[in-house]
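Below, each chain spelled out in residue letters.
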Amino acid sequence: MPKNFEEEKFPLTSEEKEVLNGLSQIEREMYLAKRQDKLQADLDAEKLEKLNLENKGILPEKIDEIETNIANDKTSFNMTPFVLTREILMRGVFRPNFHFIKNCFVRVKINQEYRICKIISIKKVQPYKLASMKRTNKRLNCNLALDLNIDGANKKMIGWPINNISSKPPSVEEFQVFKGMFEITEEYFEIILEKYKCVVREFKRPLTNDEITEVIKRKLETNPKKESITETKMKIIKARDAAIYRKDKFEAERLQRELEKIEDEEYVERMKDIYDKNKMEEMLNLRKEASNKMDDNSNFNDKNNN
């Protein structure tokens, strides 16, 4: 029989073996179950810490200055960047402070014409794949979209995907239309600029450990990680030990068989380049026979005890 995860990865110390020798079978199983829970908790903590450290290096620390081609516009306004681009939104979409973009402005294409629109809310939609980031060339699924006001009055677009936000600054003509539709005064424009700067500053700010954990959680919500074989085995072992602890023999045996099936499949993968097919089948049959004999002996002992 193959060794279980605990025996293979975390061998018992001499002190633990000494403790186990002085325990009854039930007490022994309870001790091992508690030990497994502690090992699992330590592994989870170590894994989370590792993910946090890895993602600190992945999450962007700087948003490049955005050039605009409206600097020559003959107006009284200070022509600095004020429109959030697709890249800025994509870099912030999984951050817990993404809601800061509300009341900011974006550039979108409507009926073959670009307009500057106001973000009025963020809503959840069916997941869609974001455009690839230039730095990572990685495409992630996202379930957030924008509700936009497009004319400064009551006309809205609901659930506008981030992919459909322009990555370029507005033209002089688009800016003039924007000023008229949203009745932009110099004071109002100063507020828009401050809001834009606030969002960029927040998206540039290094994340805390709690925020990094939240970013990972949000990414996994729409980009679930495929569970590894080791993680699957650990879950089964934990469930099996819990069944042993509550004296649910039927469930414990079922989980043990499930674990052995996975280990048999792993064994085949490791050995397929060494043994031919017939030899592997013969070895697997021997392993199954040994397992069945153990089950028969267990049933025989149960009958005698009854």
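Note that the structure is predicted; figures quoted are calculated from it, not measured.

What counts, and where the lines are drawn
All residue numbers here refer to positions counted from 1 along the written sequence of the relevant chain. Two thresholds apply to this predicted model, a pLDDT of at least 70 for residue-level local features and 80 or more for giving and counting side-chain atom pairs, whereas whole-chain, interface and lining totals are computed over all residues. Excluding hydrogens and water, the side-chain values take into account all heavy atoms of the structure. Any two rings among Phe, Tyr and Trp, with Trp reduced to its six-membered ring, count as a pair given centres within 6.5 Å; such a pair is stacked if its planes are under 30 degrees apart, edge-to-face if over 60, and tilted if neither. To qualify as a helix, a DSSP run of H or I must reach at least 4 residues; to qualify as a strand, a run of E must reach at least 2; elements of each kind are numbered from the N terminus. Each residue gets one of three labels from its accessible area relative to the maximum for its type: buried under 20%, exposed over 50%, partly exposed in between, using a 1.4 Å probe on protein chains only. Charge-over-ring contacts are defined here by two conditions on Lys NZ or Arg CZ: a distance within 6 Å of the ring centre and an angle within 35 degrees of the ring normal. What makes two strands pair is DSSP finding at least two bridges between them. We call two residues in contact when some of their heavy atoms are within 4.5 Å. Under this scheme, a helix contributes an axis fitted over its contacting stretch, all axes are lines through C-alpha atoms, and angles between N-to-C directions fall in the 0 to 180 degree range. We define the nonpolar core as a collection of buried residues of types Ala, Val, Leu, Ile, Met, Phe, Trp, Tyr and Cys that are connected through side-chain atoms lying within 4.5 Å of one another. Take the number of residues in a helix, subtract one, and multiply by 1.5 Å to get its expected span. As used here, the arc belongs to the directions running from the helix axis to the C-beta atoms. Each residue carries a pLDDT value, the predictor's own confidence for that position, ranging from 0 to 100. Throughout this description, a polar contact denotes any pair of N or O atoms lying within 3.5 Å of each other; where both atoms belong to protein, one of them has to be capable of donating a hydrogen while the other can accept it, and for residues adjacent in sequence the pair is counted only when both atoms sit in side chains.

Here we come to the packing of aromatic side chains. Within this structure, the stated rule accounts for 9 aromatic pairs. Here Phe82 and Phe189 contribute two aromatic rings whose centre-to-centre distance is 5.2 Å and whose plane-to-plane angle is 70°, an arrangement assigned as edge-to-face. Residue Phe82 is located in the loop between α3 (25–58) and β1 (83–84), and its partner Phe189 is located in helix α6 (residues 186–204); the two are separated by 107 residues in the primary sequence. The class for Phe82 is buried, based on a relative accessible area of 2%. Classification of Phe189 by relative accessible area gives buried; the value is 0%. Between Phe178 and Phe182 the ring centres are 5.5 Å apart and the planes differ by 45°, which places this aromatic pair in the tilted class. As far as the burial class goes, Phe178 and Phe182 line up, both buried. Through successive ring pairs, a cluster of aromatic residues spans Phe82, Phe105, Phe175, Phe178, Phe182 and Phe189. Across the ring face of Tyr114, the terminal group of Arg107 is positioned such that the distance to the ring centre comes to 3.8 Å.

So, about the sheet that holds strand β4 (residues 141–149). For sheets, the rule is that strands pair by backbone hydrogen bonds, running either parallel or antiparallel. With respect to topology, 5 strands assemble into an open sheet ordered β1-β2-β3-β4-β5, the strand pairing being mixed. The two strands at the open ends of the sheet, each matched to only one other strand, are β1 and β5 (156–161). Pairing of strand β2 (residues 105–110) with strand β3 (residues 113–129) involves 6 bridges; the strand directions are antiparallel. In the strand pairing of β3, Lys109 is matched with Tyr114. Here helix α7 (residues 209–222) sits on the sheet and contacts β3 and β4; the angle it forms with β4, its principal contact strand, is near 95°.

Let us look at the nonpolar core. Residues Leu84, Leu89, Ile101, Val108, Leu148 and Ile162 are the most contacted members of the largest nonpolar core, which totals 34 residues. At the level of secondary structure, the elements contributing two or more residues to this core comprise α4 (86–92), β2, β3, β4, β5, α6 and α7. Discounting residues that sit within four places of it in the chain, Leu89 has contacts with Leu84, Phe98, Ile101, Val106, Leu146, Ile162 and Ile165. Among the nonpolar cores identified, the runner-up in size contains 11 residues, and Phe82, Val83, Phe178 and Ile192 belong to it.

Its 14 residues place the ends of α7 21 Å apart at the C-alpha level, agreeing with the 20 Å of an ideal helix rising 1.5 Å per residue. Residues of α7 that are buried include every one of Glu211, Ile212, Val215, Ile216, Lys219 and Thr222, and no others. Projected down its long axis, α7 shows its buried positions confined to an angular sector of 145°, all on one face. With respect to the buried face of α7, the exposed residues turned more than 90 degrees away are Asp210 and Lys217.

Turning our eyes to something else, we now look at unusual backbone geometry. Its identity as a non-glycine residue notwithstanding, Asn103 has a phi of 75°, on the positive side. When you line up the elements, Asn103 lands in the loop between α4 and β2. Its identity is not glycine, yet Glu183 carries a phi of approximately 50°, on the positive side. Note on placement: Glu183 falls in the loop between α5 (172–181) and α6. We classify Glu183 as exposed; its relative accessible area is 65%.

Under the 1.5 Å per step criterion, the end-to-end length of helix α8 (residues 229–245) is 24 Å for 17 residues, consistent within 8% with the ideal 24 Å. For α8, the set of buried residues is Glu231, Lys233, Met234, Ile236, Ile237, Arg240, Asp241 and Ala243. Taken from the residues just after α8, Lys247 is the one with a positive phi, measuring 65°.

Another aspect to go through is the confidence of the model for the protein chain. When pLDDT is averaged across the protein chain, the result is 77; 70% of the residues are at 70 or more. Low pLDDT (under 50) marks residues 1–8, which in the prediction has 19 contacts with non-local residues, meaning those over four places away or in another chain. Contacts from residues 55–78, a stretch scored under 50 in pLDDT, to residues over four places away or in other chains number 57 contacts.

Before going further, it helps to spend a moment on the pairing of β4. Along β4, 8 of the 9 residues are buried, which leaves the element largely enclosed by surrounding structure. Relative to β5, β4 is paired through 4 bridges, and the arrangement is antiparallel. From the neighbouring strand, Leu146 faces β5, where its bridge partner is Trp160. Adjacent in sequence and paired antiparallel, β4 and β5 are bridged by 6 residues, among which Gly152 carries a positive phi angle near 80°.

This part covers the side chain of Arg240. Along the chain, Arg240 turns up in helix α8. We classify Arg240 as buried; its relative accessible area is 9%. Only 2.7 Å separates the side chain of Arg240 from the side chain of Gln256, close enough to count as a polar contact.

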